[in-house]
Amino acid sequence: MLPVGPLRPAGRWIKDATGRTVIVHGLQLAHKGWPYLPPESGFDRSDAANIARWGFNAVRLSWFWKGLEPERGRFEPNYVARLDHIGDLLARSGVFTLLEAHQDGYNERLGGAGFPDWATIGEVPPGANGLLGEQSWAAFENLYADTDGIAQEFERAWIVLARAFRDNPALLGYDLFNEPGAGTSSLDCLLGSDGCPTFDRDVLQKFQERIGRAVRLVDDRTITFLEPNIFHDIGSPSSFGPVDAGTGPSAFAFHVYCVNRFVNPLPDRESEAPGYETCVDHDGRNVRNGEATAARMGVPPLLGEFGDTDDVADIERTVDLADDNLMGWIYWGYKDWDDNPGGQGSGPLFADSENDGTLRREKLEVLSRPYAPATAGTPLSSRFDRETRTFSYSFEPDPTISAPTAIFTGPVTYPDGYVVSVDGARVVSAPNATYLRLRARSDADVVEVRVTPRRATRTTEGHARPEALTVRPLEDSGEPPATNDEFHADATISGTCLPNAGSPLTVDLGETTSTNRTTTVRFRSIGLAGNLSGQGVRSVSFMPGDVSWATIGTTRSRGGRRLHLLCRSSGRFEIEVGETTMPPLRRSGRSTHLSNVATAASRVGFVVPRSGRYVADLELGDGSMLLGLRRSDGSTPTAVRVTNSATVELGRLRPGPVALDLVALPGPTTEWTVTVHRAEPDDTPRTRPAAADPTGDG
C-alpha cells in the first residue's frame, strides 16, 4: 500500500520498488546546537508513529559535521548510532529518511553552525558573518579547493554516515550539502540576472558530484540530492547541467523562502507584512527555476525545505503551490529545538519541542492534507481545497504496475469519514480507510478521483477530545494555602560566559547534588541569551535578564552532575541548586519569547507525595504563556494558553516527580509566579471556557 524501497529516479519522477510514482510530504528534524542531535526525550517511537499517522512519508534528518567529527580524524560512534536509531524508528513506521548534511553560514566562528572549527581555514575576527564577507567567502573557497584536504574529510564523513544508513529499508536519499555558500561568487549569484553560471557549473556542481562519487564507494543505489547555492532560496536561478554519470542516481532539492520576509519581517505573521503579495510571483518563479534546473539535469525535483514560520496562511499558500506543480515537499519543521541561526519565525509543529502537549493544531491541519504518496502511473493534477475539504486527483494509469494507487485521506481532514467519486478505477480499500486504494480499469486512459467529507452523523460533542488541562479565572480559586515561598538552595555557582554555541560551557555541580534524587536549578541570566541543558535535564532557554527554572532527574552517573551552558551573548550567570520539594510550593520567574527556539522558558519541578487532584495558580504580569504538564509517567496532556492570571486544573496526579513547562509566547517579557497545591475537597473541576486555547496556537 505505502511506497516500497529502494526508491530510484526515473526522469521527472521518483519511483518505488513496485514502479509507482512517489510524492513526498515530509517534515524536517534538526537540532542546530550542541550536541547537534535530537535529544532522546524529544524524539522516540511515539514521534515516528505520529508522523506516520498524520500522513507524512518522509523526514529530512539533519546531521552536522561538527557533531560527527569534532576533532579531525575522530568520528563519534555514539553520534552515528543515535542518527541510525532515529532512521530505524522512522523506517518501522513506514517513513522514509532523507539524510541531510546541514550547515548554516559554515560554523559558529562565522556566526553560523554545522561545520567543525578545524575545517575553518584562516583567522576569523569577532563578528564575522557566515553568508557575506571575506572570511565566509574564504571558508567556502577553501572547502571547494580542498585546502589542507578538508574536502576529503567531508567525503570521509559522508562515507561514515552512508555506511551506517545504506541498509535502512526506507531511505529517500542523501541530501549532500544544505544551502551551500558561493564564496567569492556570492555577489554575482545574488545580483546577476542569470545568477552565477560559472560557479554553479564548474565549482558547486562538481564539488557535490565529487561527494556523490565518494558515497558510491559504500552505497551505489540510494539517491543523492544536489542543492543549488543558497541564493536560489530567494529567487536566483541555478545553472546546474546534466549530472556526471559517476555520481549515480541523483535528484535536485531546492528551497523556497520569499525575500519579503527578510526585508520586511513580521515573524510568524509574514502574510500580514507590507509587500507580501510579491511572494506569490517570487515563490512561483522559484519553483519554476527548480523545475527547469531539474529538467536540465535530467533528474526529479524536490521542494526540499520551506516554512520556518507559524503563519498558517503562508504555509498553506506554499503547499498549494507545490501540489499544483505535482512536486514533493518537506516543511521546516517537525521539531528543531534550537533553530539558531535560522529564520525569524517559529517553524516547529510544537511550541515546545520537548512537550508534545504543545502541538500547534492549526498548522497540523494545513500540513496533514490528502495527497497521493504512491501512484500506479503518472500524476496529472492534484488539488486540495481546505475550505470545502475536497481533494481532486487525476493520473494516467500504468497497466504494468500491480500495486494499487494509494491516497492518504487523513484523520485530521476527514474525522467523520469521506465520500469517494472515481472515474476509471475501482476502490479496493475499506470505507473510510486512512489510505484510499484504487485499481485502474484496464480500458482507462485517465483516472479521476474526488474525495469529499461525509456528513457527520453525530455531534462534535460525541467525538473523542484530546486530553487537556482546564483553566478558570484565578479569582475563583480563593486564597492559596501556605506555600514554600522561598527556594532553599544547597549551593550557588556564578560565572561569566562568552559566546560558545559550538562548545558549551560545562558547569560541574560536583557534590552539590545527589544522583539519586530530583534536583531543582534556578538560573539567572545577566546579559546572557542561550539555553541550559545536561544529563537528565530537559533544555530550558533564556534571554538577558530572565529567571529560569530547570529540573535534573535522577541518573546513574558518578561524581555529581554537569550542566551545559550554551551562550549566544556575553554576560554573567548565577545558578542556585537545591532539592526538589513537594507541594504546596511557589516559584517565580521572568521569561522572554524566543521566536526560533522551541523549548520551554522554565520547567518547574515538584514531587507528588500521594495521589490526588492538584491545581496550579498562575499569576502573570504582561504577556502570555503556555502552561504544560509532564506527569511522572512522562505523558503530556494538551497545554493551555494563559493570558490573564488563572487557576489551571492539573487533574489527578500519581506519586513521583512532575514538571510544569512554561513557554513564553510572542509579546512582552512576562513576570510570573506559579503556586502548586492540592485541590480543595469542594473545588470541583469545571469545563474549560472557550477563551482558553488547548492547542497552544492562540
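Residues numbered from 1 in each chain as written. Predicted model: local features only at pLDDT ≥ 70, side-chain atom pairs only at ≥ 80, totals over all residues. Heavy atoms only, no water.

With that settled, consider the pairing of strand β6 (residues 96-101). Counting buried residues along β6, six of its six residues qualify, which places the element largely inside the surrounding structure. Side chains of β6 alternate between two faces, with F96, L98 and E100 and T97, L99 and A101 buried alike. In the sheet, strand β5 (residues 58-63) pairs with β6 via six bridges, with the strands oriented parallel. Bridge assignment links L61 to a residue of β6, and that residue is L99. The sheet contact formed by β6 and strand β7 (residues 171-175) spans four bridges and is parallel. In the strand pairing of β7, T97 is matched with L171. (Buried < 20%, exposed > 50% of the residue type's maximum accessible area, 1.4 Å probe, protein only. Helix = DSSP H or I, 4+ residues; strand = E, 2+ residues; numbered from the N terminus. Pairing = 2+ DSSP bridges.)

Averaged over every residue, the pLDDT of the protein chain is 90; the share at 70 or more is 91%. Here residues 457-464 scores under 50 on pLDDT; set against residues more than four positions off or in separate chains, the count is three contacts. Across residues 683-698, confidence stays below pLDDT 50; counting only partners more than four residues off in sequence or on other chains, it has 41 contacts. (pLDDT = per-residue confidence, 0-100. Contact = heavy atoms within 4.5 Å.)

What follows is about unusual backbone geometry. Peptide bonds are, in most cases, trans, and in most cases residues other than glycine have a negative phi. In this structure, the amide linkage connecting G5 to the following residue, P6, adopts the cis form with an omega of 0°. Mapped onto the fold, P6 is located in the segment before β1 (8-10). Cis geometry is adopted by the peptide bond preceding G333, which originates at W332 and carries an omega value of 0°. Checked against the element boundaries, G333 lands in strand β11 (residues 329-335). Here D148, not a glycine, exhibits a phi torsion of approximately 55°, which is positive. Assignment of secondary structure puts D148 in the loop between α4 (134-144) and α5 (150-165). Judged by its relative accessible area of 53%, D148 is exposed.

With that settled, the discussion passes to the packing of aromatic side chains. The final tally for this structure, using the stated rule, is 33 aromatic pairs. Their ring planes at 80° and their centres at 5.3 Å tell us that W65 and W118 sit as a pair that is edge-to-face. Taken together, the positions of W65 in helix α2 (residues 65-68) and W118 in the loop between β6 and α4 put the pair 53 residues apart, joining distant regions of the chain. W118 matches W65 in its accessibility class, with the two residues each being buried. Taking 5.4 Å as the distance between ring centres and 55° as the angle between the ring planes, the aromatic pair formed by F408 and Y435 counts as tilted. On the criterion of sequence distance, the pair formed by F408 in strand β15 (residues 405-408) and Y435 in strand β18 (residues 435-440) is long-range, its members being 27 residues apart. Residues F408 and Y435 agree in their burial class; the two are buried. Directly above the aromatic system of W13 lies the positively charged group of R12, at a separation of 4.5 Å from the ring centroid. Above the ring of F350, the side-chain terminus of K335 is found at 5.0 Å from the ring centroid. (Phe/Tyr/Trp six-rings, centres within 6.5 Å; stacked < 30°, edge-to-face > 60°. Lys NZ or Arg CZ within 6 Å of the ring centre and 35° of its normal.)

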